[in-house]
Amino acid sequence: MSSPLSLSWSRPAWLASPKVFRTEVLAGLVVALALIPEAISFSIIADVDPSVGLFASFTMAVVMSFVGGRAAMITAATGAMALVVAPLSREHGLGYLIAAVILGGLIQVILGALGVAKLMRFVPRSVMVGFVNALAILIFMAQVPEMYDVPWAVYPLIVGGLALMVFFPKITKAVPAPLVSIVILTVITVAAGIAVPTVGDKGELPSSLPVPGLPDVPFTMDTLTLIAPYAFAFALVGLMESLMTAKLVDDITDTHSGKTRESIGQGIANIVTGFFGGMGGCAMIGQTMINVKTAGARTRLSTFLAGTLLIVMVVAFGPVVSDIPMAALVAVMILVAVGTFDWHSIQPKTLKRMPLGELIVMAVTVICVVATHNLAIGVVVGCITAMVIFAKRVAHLANVSGVVDPDGKQVVYAVTGELFFASSNDLVYQFDYKDDPDDVVVDLSDAHIWDASSVAALDAIETKYAERGKKVTIIGLNKPSADIHEKLAGQLTGSH
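Residues numbered from 1 in each chain as written. Predicted model: local features only at pLDDT ≥ 70, side-chain atom pairs only at ≥ 80, totals over all residues. Heavy atoms only, no water.

(A) Representation of the overall build of the protein within the structure. Secondary structure assignment for the protein yields 21 helices and six strands. Principal-axis analysis of the C-alpha atoms gives the protein an extent of 100 × 60 × 60 Å. Residue burial in the protein is summarised as follows: out of 496 residues, 51% are buried. Accessible surface, the protein: about 23400 Å² in total, of which carbon and sulfur atoms supply 67%. (Helix = DSSP H or I, 4+ residues; strand = E, 2+ residues; numbered from the N terminus. Buried < 20%, exposed > 50% of the residue type's maximum accessible area, 1.4 Å probe, protein only. Areas by Shrake-Rupley, 256 points an atom, 1.4 Å probe, with all protein chains shown as cover.)

(B) Just the state of the cysteines, in detail. Summed over all chains, the structure comprises zero disulfides. Not part of a disulfide, Cys-282 finds its nearest cysteine sulfur in Cys-383, a span of 17 Å. Cysteine Cys-368 remains unbridged, with the sulfur of Cys-383 as its closest cysteine sulfur at 11 Å. Among the residues examined, Cys-368 registers a relative accessible area of 18% and is labelled buried. (Disulfide = S-S within 2.5 Å.)

(C) A look at the side chain of Thr-78. For Thr-78, the position within the fold is in the loop between strand E1 (75–76) and helix H5 (79–92). If we ignore the near neighbours within four places in the chain, the residues touching Thr-78 are Phe-42, Gly-281, Cys-282, Ala-283 and Met-284. (Contact = heavy atoms within 4.5 Å.)

(D) View of the environment of Ile-461. Residue position: Ile-461 is located in helix H20 (residues 452–467). Sequence separation of Ile-461 and Ala-61 is 400 residues, and the distance between their C-alpha atoms is 61 Å. In contact with Ile-461, not counting residues within four places along its chain, are Leu-427, Val-428, Phe-431 and Tyr-433.

(E) Quick look at the pattern of salt bridges. The full count for this structure, using the stated rule, is four salt bridges. Note that Lys-202 is salt-bridged to Glu-146, the shortest N-O span being 2.5 Å. Here Lys-202, found in the loop between helix H9 (177–192) and helix H10 (221–253), pairs with Glu-146, found in the loop between helix H7 (125–143) and helix H8 (154–171); they are 56 residues apart in sequence, far enough to count as distant. The exposure class assigned to Glu-146 is buried, which follows from its relative accessible area of 16%. Across the pair Lys-479 and Asp-483 runs a salt bridge, and its minimum N-O distance is 3.0 Å. With a gap of four residues between them, Lys-479 and Asp-483 both fall in helix H21 (residues 479–488), about one helical turn apart. Taking relative accessible area as the criterion, Lys-479 reaches 61% and is therefore assigned exposed. The network of salt bridges with shared partners includes Arg-70, Asp-250 and Lys-259. (Salt bridge = Lys/Arg side-chain N within 4 Å of Asp/Glu carboxyl O.)

Structural data, given as structure tokens:
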């Protein structure tokens, strides 16, 4: 059996197998084609030149293929990140946007090093399902403008593209169906001279490679205080989207990824992108789904090639790429939206079995994401809703039962369950202070103290008995409960 060290030095899968290599190359090509119009669209959202979004997609994908924690995940310019920094570029100019991207990357590196990725374990499954379904809806909604107020020829092209992608894999899976669809629809529209919106209509493609440089801003405290709030929001949204997408890819591929490495990698990629004049970015769910689910990519090569082929196609083959009909890319994204949505989660059979609380959390997440177009807000609100529902459910699990000795000199109260702020509030009212004998024993063998609220409740019980000249003995505390009780008992209220 080989040692872990020899495993780490083994050749990449794409180098060992021609089949894997071909899959990765073709996947990278499809993703690069899909990235071009999206990057241009996000540049328009951020109110900057198309080259800013395209350069960002190139540098983010290439850098993340080396430093990222999740193989085959696509990182590029995204709509969510564009929305965060859009007000900055609109009101103050591109220089401030670039400065915010670099600072945001720095914050991501710090948060990653501090272990913020570990917080992912607190995201419940119902929030994850809501996140995925909301993403599918957003991906579809982003295509709607491309189908509104357009020449009639767009509709048969979209239907034809969808039909090609559904039926072509039944013939062969050697070439990704989306690539076949894009090539065939482009040839048809160019050869027949059909006038439909094309990639070129989205904006002028750059004709040269990006060059590194510093953002054109004064390096003062005023600049820092202006960009800091945007940079912090940028860092949080980017990390949350990237970690959620990485978790999704983990589930699809049945593999584990380094979330801390991913967090730090996102930061490094954004810093590099900022110095190359890009608008920054994060993991892209739509393109990741094309890469992993549709094209079957599994290695870092596809991520690297997506970025490299994007810049090659834009700079070297600009006129050809400009002729790709938007209908071809809309068809790809509609199929991605349908494939991303968790249809099982809304089947009547599933809805009947799921607890009401889980359904509420899922619905809240979806509604928040779709309403705000911000995945981070939806996830945070979904997690808070889940915590409130959980606390409410657990609050009812603390029970008190009292047994008086046959001789009537002592009463033993057995407390069972989890004692924390939500459950301990009712604890005080479950004792008979007036009629109990002078010796009261509270047995916590089957309970656990979690917070100061529970200690305060036990203090209140002791005080109420003491006022009536009765003595309380607390027994059965486990070690963590005993530690917190010993530290806080009698310390939580001021002396009277």
